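# Observations on chain architecture
Residue strings, one per chain:
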Amino acid sequence: MARTLVIDTIEAAGRSFSSGKELVINPILKKFMIHFRRGKTFTNKKKYTTTYAGQYGFDWLRDEYIYPIVEVTHDNNGVAIKAKKPLCLDPTALKTEYLDTSIKPHGSDYYPAWISIFPHTTTKEFEHGSDMHEKGVDLNLEIEELEDLVIDRTTLSFLCGNSLVKITPEKLNLKDLIGTAKIKDLGLGNKRKYHLAENKINIKFKGGTSGIDEEVKVFAELNGTKEEVGKLIIYKTNEIPKAEIVAVNVITTNNKTIIKDDYQFLFKNQSFNQALVRAEVKVDTEFNLVELEKTNPSIGHFLKNVKTMKSKDIKKDLVDFYEKFGEHSPPKGSHINYIGTKGTTRTYLFYTDFTAGNVLGSCSLDANKNWGNSYIIYKAGLEDGHTIVHEAGHSFGLPHVFQGGSYAGKHTFYHGYTDNYMDYTWQLGRPIDSKDLSKGFYSSGNNKYKGKMFSLFKWQWDVIRKDRSIIEKY
Ligand SMILES: [Zn+2]
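So, about the overall build of the protein chain. Each helix and strand counted, the protein chain has ten helices and 23 strands in total. Counting across all 474 residues of the protein chain, residues that qualify as buried make up 53%. Counting contacts in the protein chain only where the partners sit at least 6 residues apart, residues at least 24 apart contribute 68% of the total. With the model as given, the accessible surface of the protein chain reaches about 22,100 Å², and the carbon-plus-sulfur share is 50%. Taking the average place of the 66 positive charges on the side chains of the protein chain and the average place of its 59 negative ones, the gap between the two points comes to 1 Å.

Attention now moves to helix α4 (residues 91–98). If you check which residues of α4 are buried, you get P91, L94 and Y98. The buried residues of α4 all sit within an arc of 60 degrees when viewed along its axis, so they share a single face. Exposed and oriented more than 90 degrees from the buried face of α4 are T92 and T96. In the core, the buried residues of α4 are packed alongside β4 (57–59), α3 (63–66), β7 (113–116) and α10 (458–466).

This brings us to the side chain of S311. Relative to the helices and strands, S311 is located in helix α8 (residues 311–325). Apart from residues lying up to four places away in sequence, S311 is in contact with A356, V359, S362 and Y378.

Turning next to the layout of surface pockets. In this structure, the largest pocket spans a volume of roughly 1,500 Å³. Those elements that provide at least two residues to the lining of the largest pocket are α8, β19 (361–365), α9 (385–395) and β21 (426–431). Across the lining of the largest pocket, the residue classes tally to 14 nonpolar, 19 polar and seven charged. Taken as a whole, the second largest pocket spans an internal volume of roughly 800 Å³. Lining the second largest pocket are 26 residues, and of these R38, K40, W60, D419 and Y449 lie nearest its centre.

Turning our attention to the coordination of the zinc ion. Ligation of the zinc ion by protein atoms is provided by H390 (NE2), H394 (NE2) and H400 (NE2), these donors lying 2.0 to 2.1 Å from the ion. Here the donor residues of the zinc ion share one chain and are spaced in sequence as H-x3-H-x5-H. By relative accessible area, H394 is classed as buried at 3%. Exposure remark for H400: the relative accessible area of 10% places this residue in the buried category.

Attention now goes to the packing of helix α7 (residues 297–305) against α8. Their axes nearest at 12 Å, the elements α7 and α8 cross at an angle of 155 degrees. Relative to α8, the element α7 lies roughly antiparallel. In this structure, the crossing between α7 and α8 has a hand that is left-handed. Of the residues in α8, those touching α7 at S298, I299 and F302 are I314, D317, L318, F321 and F325. Class assignment of the residues belonging to the contact of α7 with α8 gives a composition of six nonpolar, one polar and one charged.

Under the domain assignment used here, the protein chain contains domain 1 (31–60 + 112–234) and domain 2 (242–411 + 457–466). A straight line from the C-alpha centre of domain 1 to that of domain 2 covers 37 Å. Between domain 1 and domain 2, the residue contacts involve 17 residues of the former and twelve residues of the latter. Our count for the contact surface shared by domain 1 and domain 2 stands at eight residue pairs in polar contact (both at pLDDT 80 or more). Listing elements by their share of the side of domain 1 that touches domain 2, those giving two or more residues are β4 and β7. In terms of residue class, the side of domain 1 that touches domain 2 is built from nine nonpolar, seven polar and one charged.

So, on to the pairing of strand β9 (residues 155–160). Pairing of β9 with strand β11 (residues 171–173) involves three bridges; the strand directions are antiparallel. When the bridges of β11 are listed, L156 appears paired with L172.

In this section: α10. The buried fraction of α10 is high, at seven of nine residues. Every buried residue of α10 is listed here: K458, W459, Q460, W461, D462, I464 and R465. In the core, the buried residues of α10 are packed alongside β4, α4, β7 and β23 (470–471).

Conventions we followed
Residues numbered from 1 in each chain as written. Predicted model: local features only at pLDDT ≥ 70, side-chain atom pairs only at ≥ 80, totals over all residues. Heavy atoms only, no water. Helix = DSSP H or I, 4+ residues; strand = E, 2+ residues; numbered from the N terminus. Buried < 20%, exposed > 50% of the residue type's maximum accessible area, 1.4 Å probe, protein only. Contact = heavy atoms within 4.5 Å. Areas by Shrake-Rupley, 256 points an atom, 1.4 Å probe, with all protein chains shown as cover. Lys, Arg positive; Asp, Glu negative; His and termini not counted. Charge placed at Lys NZ, Arg CZ, Asp CG, Glu CD. Arc of directions from axis to C-beta. 1 Å grid on protein atoms, 1.4 Å probe; cavity = no way out; pocket = protein on both sides within 12 Å on 5 of 7 lines; lining within 4 Å. Points joined across faces, edges and corners; volume = space filled by probe spheres on them. Nonpolar A, V, L, I, M, F, W, Y, C, P; charged D, E, K, R; others polar. Donors = N, O, S within 2.8 Å, 3.2 Å for Na, K, Ca; no water. Axes fitted to C-alpha atoms, helices over the stretch in contact; angles between N-to-C directions. Parallel < 35°, antiparallel > 145°, perpendicular 65-115°, else oblique. Left-handed = near helix turned anticlockwise from the far one by under 90°. Domains from an automatic or database assignment. Polar contact = N/O pair within 3.5 Å; in protein donor to acceptor, adjacent residues only side chain to side chain. Pairing = 2+ DSSP bridges.

See below:
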């Protein structure tokens, strides 16, 4: 259809003049979608802004998970690929995970992003609220073109049915969000034209909670035509479970083990907070094997042999010793080493300055593939925040994102390509021994997110919250 592309002189002389954008008279709403995307930064309650590092939960269907954008060197069995692949092994299942059939902007499938933020409340409003996200979170908006956009009078309104959700601003002009469109190559001849508008919208949850996932809906409007073009889903806020961690400093020499000093901050503010779980070190204790050795020959034997022992044997012995001699071992009849009906809800973090080959840390797993309640951080992992959170993630029921077969999580990805806490910091290369994969694999390079792997996916938030170590009511 032919359109009149006439410069609107009134607008040109006013608002739009300063931005250098000239409005055109466009009577028909153009076709586009709005996607919420995670901001690059986060501002804390003291107004201090830092780079995003897991301070709130944000998840979306990443392009590279479903389109062949990133080159994968090897599959998860070490077979060479060296081609661009969707990073998720089953992109269709992943799309189904995120698809929201209640919205179809201009007839297109839509995959809303998810955010999890703590409700900012007084104790009277809700005793498990937090001021962690008092300033809200600033999000980016991605405007995806379904046809070429022009600078016109299209407005966007952001609406939520729950007034506890504070959206700032509630209205934006499309023309202030778009410039020259960027083009993203999605592989196999697919391309996307889009505009990225950074830090355009702030979302807060204040004054109470919600027992449902709230929705922020985006409506585009021009000349009386209105279309729902986007959505953000806010994870329900009425239950803030907790996880109690017993941190055990395992002393094997005359010195105490030194662990990364801010790991408790990581638990509370940069990892499990994304699942709206408070993971707190409830007991900070010591387990002095040097002292115990004097009266227990079995511990002396263990200390003598530990240098040549395998991680799984070290873990078993250490946990057995702690169940017997530990000051904060669980009540008689319960176990910290595996999940059983009599198991404890506490999670035991053992950290030690002995080594187990090149193993950084390890979490217990029983014969029924249930993750246990204890994990060990060895010398090589003591200063490694990723390992300390990653192993705790296992203890809360999360497998690796690349794990296949019967241990697989809900979705499986190639090894070493995501920014997820449950991924590895290196890409899987060829096997050390192709006839025996249990001997391990060479690395084919670093995960490009190494040092910045702060994500937990929405479906992992759900898994963590269902783990038996999580205390729902308290
Ligand atoms: Zn692991």
